[in-house]
Structure formats: structure tokens, C-alpha cells
Number of protein chains: 2
Amino acid sequence: MAALGLLARRPASGYDLLKQFEVSMANVWPATQSQLYSELNKLADEGLIEVTAVGARGRKEYGITAAGRDALRDWVLDFHHDPPLRSAALLRVFLLGEVTPEQAGDYLMAVAARAESTLARYEALRDAVPWNDTSDTDFYGRAALEFGLREAAMTAEWARWVAVRIDERSQ
Amino acid sequence: MAALGLLARRPASGYDLLKQFEVSMANVWPATQSQLYSELNKLADEGLIEVTAVGARGRKEYGITAAGRDALRDWVLDFHHDPPLRSAALLRVFLLGEVTPEQAGDYLMAVAARAESTLARYEALRDAVPWNDTSDTDFYGRAALEFGLREAAMTAEWARWVAVRIDERSQ
DNA sequence: AGTGACATGTAACCTGTTACATGATTTA
DNA sequence: TAAATCATGTAACAGGTTACATGTCACT
């Protein structure tokens, strides 16, 4: 669906999309090259996209069809079918009793450090990108970034909070 | 790995684990019956768990082995191999430009409402469970719950924040 | 005797990953 | 002309899902 979403903005080849994924959606929806090409063929088979131009080196430029745009709109507004998330990070927390309090504390401080470096990266992105509120792409990209910012800050605070409690408890 | 973690606490059968998953870990690591039984056989093949008792109706009770405990400790402290998360919910936000501002706003208010009901559920859980800080299981379970509480609150606030901005922008 | 809970497993299918494979075009 | 980039695809495998399949034991 991510590929369909990008093609809704403008036509592109698999190769183009791959690069767009790297810059704009890597944090949200990572996709491998192999996956993307088979996804494009599948979307084309279903009539949601179509080849709009053929270029050099076998390049196929795809564009979204009317049916594709309908399917995308349906998907965007339907959040009931979201797969339940499976968080290895949280599962670890459940199992932290298996290691010493020192190790558990170190682990949480590492989690906090990672969240803080993610936060710094997102802040840099927020400050570097000239967001233009009149563009939907910019506006909603900024909204998604805001989520990332808040989540990273929350995670770092939470990890330090737990680390402090582990420390208190182990004395 | 979740099964291994539960078996580290006490021996259990696949059937027992299935019920434990439903109550204690469903929010973090959902698992299907089919998956669990094949996982148990795989763990047994690898020598990380072993059958400690055979009961009626073919019941096999598994216990963690020394090798299993080592593997679990390694896994718990290693957060580098976490799979990158793929968030359908955030991808939707990126694509919200495909629908009208009204629909986008409704969508975000629905996200907020869902987060708030999750929050209420977690708060009820927090207040209902008699947490005993001297038990590792309780302590770390409480820490994981705290994450859930903060995440739900953050998500609800964020969704309302975005909804307000959509509203301002569409006037 | 029948129902419900206990208890485990297999088969078909889908999605995704890594690694492999191939070739065309541009640029230094 | 060699290297980098452009461009797409296949194969083997891993992990997960749904649905199917099977049988036992306790209780009424």
C-alpha cells in the first residue's frame, strides 16, 4: 500500500520509489527492493496501477488508476484492520527479571540513549525541512514527524524512569 | 522467544502458555495456537526447553534448560537485532492528503478515541492489579504497563493536536 | 450419553527477507 | 573501456495466519 500511496502523488518507476522510500518513509514503512518489484506487479495485476511509460533499460513508469485511488482512499480511512503490533522491545522489559538489576538498568539506559539520538535526528529533520503548510504532503509528513518526535521523547523519559526505579529497588 | 520467557518463570504446557499469553502478553506479543506449538517443538529441538512431565491427554509440560536460560539472557540484553517497526497507522497519516480534510479530521479523532479507550483499559489494569514490587514479574510487568499508559496518552494528545491543525488549515 | 474444556498437531497459503542473477546506459 | 548507476527480476527460505483434523477427559 505504501507504493500505491507514493504513486498517488506522481508516476514513478520501481527504482524511483525505492529511493523515495529511503528518504521519506524509511522510518515508517521499510521495504526491500525485492518486495517492491513484486508488489508493483501485483498492484498492476489488480488494476490499481498501470504502466504509463516505458523508458531505457526496461524502465517501467507506473501511474495510479482510478480504481487504485479508490482503493487507497478506502485503505487510508480504515484503521480497524491494523495488525496488532508485536514489540520485541516491550517483551524484553517483561523478561528483564532474568538478568541482574545492573544489567537491566544498563539496558534501559541504552534504550534511553537510542531514543534520544532518534529524537535529535527528528529534531534536525524538523528544523531543516522548510515545511509548507499548503502542501498536503508537507503537512501530513510534518504530522507524522511530530508523532515520531513525541514517541522518541516519551520513550527516553520512560526508560530513565524505569532505570531510576530499578536502581532504588536494588539497594 | 516469548514462550521461552514464560517457561523461564515456571514449567507449563502449550495449552497453559496459550492462556498465559491471552492474559499477560496479548498486548505485547500476540501468538496463535498453531505458532506456539511449532515454536515449542523448535525450541525443544534446539535444546532450549525439554519435556519435564507428560500428563493426561498427551499433555507435555515443558521446562527451560540451562542452555535455554543462557539464550534467553542473551536475547534480553541484545536490542540491536530488533526488526524495524512498520506502522500502518503512521503510513496512513502520510497519505491523509488523499481524502478530504473532514475525513482526515474524523480519522484522527477516531484514532484519539481509540487511544483513550486503550488508556482507560490500562489505567483500570494498573489500579486493579495488586503490584508487589519485590516480585520481578510484577515490577517489570508494571514497567511495561507504564510504557503502554504513556504511549496511549501521547497518541491521543498527538491525534487531537493534528486534528486541530487540520481544522485550522481547512478554513 | 453428550457437552465443554483440555490438548496437540498438520496443510495450504501469504508475506517478507536475503542472496543471486542479469543486463543497459552514462560518465570519468 | 571500466566503473558507477540505473533497472528489474527470480529462488530459497523463514515466519506467520487460517482452517482443518484429531483425540482425551471430566462433569452432568
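Every chain is numbered independently, its residues counted from 1 as its sequence is written. Whichever chain is written first is A, and whichever ligand is written first is 1; the rest continue in order. With pLDDT at 70 or above as the cut-off, local features in this predicted model cover only qualifying residues; side-chain atom pairs require 80 or more to be listed or tallied, and sums for whole chains, interfaces and linings still use all residues. Remark: hydrogens and water are excluded; side-chain values derive from all non-hydrogen atoms of the structure.

Draft legend 1. Highlighting the UniProt feature "domain: Transcription regulator PadR C-terminal" (unreviewed entry) in chain A. Feature annotation in UniProt places "domain: Transcription regulator PadR C-terminal" (unreviewed entry) on residues 85-163 of chain A, given in this structure's numbering. Put simply, DSSP H or I for four residues or longer makes a helix, DSSP E for two residues or longer makes a strand, and each gets a number counted from the N terminus. Span residues 85-163 of chain A is 80% helix and 0% strand, its end C-alpha atoms 24 Å apart. UniProt positions are given in the numbering used here, feature names are shortened, and annotations may be inferred rather than shown by experiment.

Draft legend 2. Here's a closer look at the protein's contact with DNA strand C. Each residue is tested against the molecule or strand, and it is near if at least one of its non-hydrogen atoms lies within 4 Å. For DNA strand C, the set of nearby residues contains 17 residues, the closest of which are Q35 of chain A together with Y15, Q33, Y37 and K60 of chain B. Atoms of DNA strand C within 4 Å of the protein belong to the sugar or the phosphate in 69% of instances, the rest to bases. Between N or O atoms, a polar contact is any pair within 3.5 Å; within protein, one atom must be a potential hydrogen donor and the other a potential acceptor, and residues adjacent in sequence are included only when both atoms are from side chains. Contacts to DNA strand C include T32 of chain A, whose side-chain N or O atom sits 3.1 Å from a phosphate oxygen. Q35 of chain A has a polar side-chain atom sitting 2.5 Å from a phosphate oxygen of DNA strand C. Put simply, the parts of the chain that give the surface near DNA strand C at least two residues each are α3 (33-45) of chain A together with α2 (14-25) and α3 (33-45) of chain B. With four residues, α3 of chain B is the largest single contributor of residues to the surface near DNA strand C.

Draft legend 3. How the structure looks around the interface of chain B and chain A. Any two residues having at least one pair of non-hydrogen atoms within 4.5 Å are treated as being in contact. Listed by partner, the interface residues are 66 residues for chain B and 66 residues for chain A. Carbon and sulfur atoms supply 68% of the area buried between chain B and chain A, which totals about 6,800 Å² over both sides. What counts as a salt bridge is simple: a side-chain nitrogen of Lys or Arg found within 4 Å of a carboxyl oxygen of Asp or Glu. Between chain B and chain A we count four salt bridges in total. Between R169 of chain B and D136 of chain A there is a salt bridge whose closest N-O contact spans 2.4 Å. Linking chain B to chain A there are 20 residue pairs in polar contact (both at pLDDT 80 or more). For the side of chain B that touches chain A, the secondary-structure elements that each account for two or more residues are α1 (2-9), α2, α4 (66-77), α5 (88-94), α6 (101-128) and α7 (136-169) of chain B. Put simply, buried area is how much 1.4 Å-probe accessible surface two parts lose in total, over both of them, once they are put together.

Draft legend 4. Summary view of the pairing of strand β3 (residues 60-64) of chain B. Residues and elements named next belong to chain B. In terms of strand pairing, strand β1 (residues 12-13) meets β3 through two bridges, oriented antiparallel. Bridging across to β3, S13 finds its partner in E61. One ladder, built from five bridges, connects strand β2 (residues 49-54) with β3; its direction is antiparallel. Residue pairing in the sheet places I49 in a bridge with I64 of β3. Two successive antiparallel strands, β2 and β3, enclose a turn made up of five residues, where R57 displays a positive phi of approximately 55 degrees. Following DSSP output, two strands are said to pair if at least two bridges run between them.

Draft legend 5. Spotlight on the sheet that holds strand β3 (residues 60-64) of chain A. All names here are of chain A. One open sheet holds the three strands; their spatial order is β1-β3-β2, and the pairing between them is antiparallel. Only two strands of the sheet have a single partner each, and these edge strands are β1 (12-13) and β2 (49-54). Of the strands in this sheet, β1, β2 and β3 touch helix α1 (residues 2-9), which is tilted by about 85 degrees from β3. As a rule, the C-alpha atoms of each element are fitted with a line to give its axis, helices using only the stretch in contact, and angles between N-to-C directions run from 0 to 180 degrees.

Draft legend 6. Main features of the pattern of salt bridges. Inspection of the entire model under this criterion finds 18 salt bridges over all chains. E116 of chain A is the salt-bridge partner of R160 of chain A, the closest N and O atoms lying 2.8 Å from each other. Of the two residues, R160 of chain A is situated in helix α7 (residues 136-169) and E116 of chain A in helix α6 (residues 101-128); the sequence distance between them amounts to 44 residues. R160 of chain A sits in the partly exposed class, given a relative accessible area of 33%. D16 of chain B serves as the salt-bridge partner of R59 of chain B, at 2.6 Å between the closest nitrogen and oxygen. In this pair, R59 of chain B is assigned in the loop between β2 and β3 and D16 of chain B in helix α2, connecting sequence segments 43 residues apart. Only protein chains enter the accessibility calculation, which uses a 1.4 Å probe; a residue is then buried when its area is under 20% of its type maximum, exposed when over 50%, and partly exposed in between. Take R59 of chain B: its relative accessible area is 32%, and that puts it in the partly exposed class. When salt bridges that share partners are traced, they join D16, R59 and E61 of chain A into one network.

Draft legend 7. Just the packing of α2 of chain B against α3 of chain B, in detail. All names here are of chain B. Following both chains from N to C, one finds α2 and α3 inclined at 130 degrees, their axes separated by 10 Å at the closest point. With respect to α3, the axis of α2 lies oblique. At the point where α2 passes α3, the crossing takes the right-handed sense. Across the interface between the two elements, G14, Y15, L17, L18 and F21 of α2 pack against Q33, L36, Y37 and L40 of α3. In what follows, roughly perpendicular refers to angles from 65 to 115 degrees, roughly parallel to angles under 35, roughly antiparallel to angles over 145, and oblique to any angle outside these ranges. Handedness of each helix crossing follows the sense of rotation of the near helix against the far helix: counterclockwise by less than a right angle gives left-handed, clockwise gives right-handed.

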